[in-house]
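So you can see what is in the structure, the chains are spelled out below.
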Amino acid sequence: MEVPVRRYCWCGSGKYYENCHRDFDIRLKAFRRQGFRVPGHDLIKTPEQIEGIRRSAKLNVEVLDYVASNIRAGISTEEIDRWVYEYTVSHGGIPAPLHYEGFPKSVCTSRNDVVCHGIPSSKELLLDGDILNVDVSTVLGGYFSDSSRMFCIGNVPQAHRNLVDNALLCLKAGLSQIKPWAPIGNVGQAISDCARKFGYSVVREIGGHGIGLAFHEEPFVDHTAKAGAGMLMVPGMVFTIEPMINLGTRRFTIDRRNGWTIRTADGKASAQWEYQVLVTETGYEVLAW
Ligand code: MF3
Ligand code: CO
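Quick look at the structure, then. Being a predicted model, the structure only gives us computed values, none of them experimental.

## A closer look at the coordination of the cobalt ion (ligand 2)
The cobalt ion (ligand 2) binds to the protein through Asp146 (OD), His209 (NE2), Glu242 (OE) and Glu274 (OE), with metal-donor distances spanning 2.1 to 2.2 Å. Along the chain, the residues donating to the cobalt ion (ligand 2) are arranged with the sequence spacing D-x62-H-x32-E-x31-E. In this pair, Asp146 is assigned in strand β5 (residues 143–152) and Glu242 in the loop between β11 (238–241) and β12 (244–246), connecting sequence segments 96 residues apart. Per residue, the accessibility class of Asp146 equals that of Glu242, and both read buried.

Structure follows, in structure tokens:
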């Protein structure tokens, strides 16, 4: 007599496979046969991993809250770097950017025409009228999190204030497209539609990314993608959405002296907000903002 083997599910739930992700795998396979890109099991976080990522993300949010309550005109971006380093380390975490591919600081600070990857400096002071992105990434218990916010310093010109506010609307338009079993290109389409409506451009070459067990995982989240394109979003995936929205051209330059700082090619302002999200059975959950 043949005894059926009851295998535990690969997701780490402790349940038997047939009571857990079996139907999920059948569905995944069917979509793959129809030509959709589907995530591998390595991109589907286990319940234990999701708990770890949630804790990391919570610290990431706290770091940004700390920055938000202390940022003001007259400080240097290096001071923000010090806050991020000290808050993170004193809460048991490690700033993910520090020494990442040679990045010299604990946080990215990107001011006015800097699109992203700005390096904090004691020589860079925040002046009345500046807009600044602070991009915080944290490792806690081996799990990675990543989010960023914009800050307006003092009296910001109306056009720049609008750019900051509308860039958040673009991110939220993208968020509204997150649902299980939909292609991630729907997110990019919503973001670029929103940006176009305001007359802004969207950076194409730099995008969001899977995250959790590493800083940057698959998929690449293209904020200029077309609806229907790209990998399917499925429950258990964690990724960032972080559109860089420009007042002028979407083209940019990379600083040749430090190899990091990305600036708009026309010198006009750029704004970026970044959320980290988990795809759920019914929609999504924002883990970090
Ligand atoms: N938070 C940025 C991202 O979204 C980090 C860039 S890498 C760094 O990927 F080294 F510059 F921090
Ligand atoms: Co990111």
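## Looking at the nonpolar core
The biggest cluster of nonpolar side chains holds 41 residues, and the ones touching the most others in it are Ile178, Met233, Val234, Phe239, Ile241 and Ile245. Among all residues touching Ile245, those that are not within four sequence positions of it are Leu163, Ala167, Cys170, Ile191, Ala195, Tyr200, Ser201, Val202, Ala269, Ser270 and Ala271. Of all hydrophobic cores here, the second largest spans 18 residues; its members include Leu64, Trp83, Val107 and Leu140.

## Considering the side chain of Ser76
Secondary-structure assignment places Ser76 in the loop between α2 (47–70) and α3 (77–90). On the basis of relative accessibility, which here comes to 9%, the residue Ser76 falls in the buried class.

## Regarding helix α1 (residues 22–33)
The end-to-end C-alpha separation of α1 is 17 Å, in line with the 16 Å expected for 12 residues at 1.5 Å each. Taken residue by residue, α1 has Phe24, Asp25, Leu28 and Phe31 as its buried positions. The buried residues of α1 occupy one face: seen down the axis, they fall within an arc of 125 degrees. Turned more than 90 degrees away from the buried face of α1 sit Asp23, Ile26 and Arg33, all of them exposed. Considering only its buried residues, α1 is in contact with β10 (232–233). Positive phi shows up at Gly35, right after α1, with a value of about 100 degrees.

## Considering the site of ligand 1
In the vicinity of ligand 1, 14 residues are found, and the nearest of them are Pro97, Asp135, Asp146, His216 and Glu242. Here an oxygen atom of ligand 1 and a side-chain polar atom of His209 are 3.3 Å apart. In the complex, 95% of the free accessible area of ligand 1, which totals 330 Å², lies under the protein chains. Its residues assigned to classes, the shell around ligand 1 comprises six nonpolar, four polar and four charged.

So, how was this worked out
- Residues numbered from 1 in each chain as written.
- Chains lettered and ligands numbered in written order.
- Predicted model: local features only at pLDDT ≥ 70, side-chain atom pairs only at ≥ 80, totals over all residues.
- Heavy atoms only, no water.
- Donors = N, O, S within 2.8 Å, 3.2 Å for Na, K, Ca; no water.
- Helix = DSSP H or I, 4+ residues; strand = E, 2+ residues; numbered from the N terminus.
- Buried < 20%, exposed > 50% of the residue type's maximum accessible area, 1.4 Å probe, protein only.
- Core = buried A, V, L, I, M, F, W, Y, C linked by side-chain atoms within 4.5 Å.
- Contact = heavy atoms within 4.5 Å.
- Expected span 1.5 Å × (residues − 1).
- Arc of directions from axis to C-beta.
- Near = heavy atom within 4 Å.
- Polar contact = N/O pair within 3.5 Å; in protein donor to acceptor, adjacent residues only side chain to side chain.
- Areas by Shrake-Rupley, 256 points an atom, 1.4 Å probe, with all protein chains shown as cover.
- Nonpolar A, V, L, I, M, F, W, Y, C, P; charged D, E, K, R; others polar.

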